[in-house]
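Working through the structure, step by step
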Amino acid sequence: MASPGYGKRSAPDQQPRRADDFMLLPLRERHIAGFIDQLPEGAAMDVKGLAKQLPLYGQQAVGSALKALSVAGYLRRVRCLVTGEGGQVRWVFRTFWSRTARDNEWWGALMAAEVQRAAVPEPVAVVAPAAPVVPEQRTQEPEPVTDGPSPAYAALAQLGRADARLALSAADCAVLEPLAAEWFTRGVDADYLVRALVAGLPAEVGSPVGLVRRRLTDKLPPQVPVAPVPPAPGTPVRRVMMECTKCGVPGRAEALPDGLCRACRQPDEGASEVSVELPAERDVRTYVAELRDLLKAP
């Protein structure tokens, strides 16, 4: 078995198993396809792992067979970007298997459905907190609520105590309060604001309110960009890509017809092309006997 999240995935709309499944495939491909079809969900589908369980074929033969099965429409390799515990993002590699051969349009629709499924976050059950039990109390007269000064107003009122040259009146603080409040929206606190306004004052200040207004405007700090919030653990990330069955190059489904990249679609140098279509005028036994002679190489 592969690690959790990896390995074999059965494609939807599977047909029931029949005795003549994969009959039109060459002997090696038919043998390996029958073995893969019997594997459980999540089984390891890498070439090395399959070759260990198939003593008749080595890794090179298994890799060639998987390429042929991809061209015939039985499998596609897919990589998905998902989040695990603690919000850690990782790639998982899956091999979608179909007992019935499918064309490129069908596989493309399946990949589009996988992308859509990964784009929808899993619903999270929200449990409303229980209402706290409040003990009975004697009715008291409500106390009058008085709004205190805002942090911006309070910081402006402290300027005269930090430096007498910037002593402001209550009216001055009220006029400058909106400009000072903009500083607080950019992540600064009262101490930072006071230090920035009193630093480097001239020997004499003729108009404290005018100087403070100018400094509030000219020294306004930049807006700090908000870091993106990492996805919650278990929330799927919207990344699903098909990969080449032979070399593993990722890409979109339409860029990998037959599950192969452009380079891997070229016939292997020195290898004979083997057709998997059964001619109508030939019987099965004669056709298989001829294929055996072509497939003697490992």
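Right above here is the structure, for reference.
Because the structure is predicted, anything quoted here is derived from the model rather than measured.

Some thoughts on the overall build of the chain
Of regular secondary structure, the chain possesses eleven helices and five strands. By residue count, 32% of the 298 residues in the chain fall in the buried class. For the chain, restricting intrachain contacts to residue pairs at least 6 apart in sequence, the fraction spanning at least 24 positions comes to 64%. Carbon and sulfur atoms make up 56% of the accessible area of the chain, which amounts to about 19,100 Å² in all.

Focus on the side chain of E243
The residue E243 is located in strand 4 (residues 240–243) in this model. In this structure E243 comes out as buried when scored by relative accessible area, which is 9%. There is a polar contact of 3.0 Å between the side chain of E243 and the side chain of R79. What E243 contacts, discounting residues up to four positions off in sequence, is R77, V78, R79, F93, G248, V249, P250, L256 and G259.

A few points about helix 9 (residues 208–218)
Every buried residue of helix 9 is listed here: P208, V209, V212, R215 and L216. The buried residues of helix 9 occupy an angular sector of 130° when the element is viewed end-on, so they sit on one face. Elements in contact with the buried residues of helix 9: helix 5 (151–157), helix 6 (159–162), helix 7 (170–184) and helix 8 (190–198).

Thresholds applied
Residues numbered from 1 in each chain as written. Predicted model: local features only at pLDDT ≥ 70, side-chain atom pairs only at ≥ 80, totals over all residues. Heavy atoms only, no water. Helix = DSSP H or I, 4+ residues; strand = E, 2+ residues; numbered from the N terminus. Buried < 20%, exposed > 50% of the residue type's maximum accessible area, 1.4 Å probe, protein only. Contact = heavy atoms within 4.5 Å. Areas by Shrake-Rupley, 256 points an atom, 1.4 Å probe, with all protein chains shown as cover. Polar contact = N/O pair within 3.5 Å; in protein donor to acceptor, adjacent residues only side chain to side chain. Arc of directions from axis to C-beta.

All we've got here are geometric facts, nothing functional implied.
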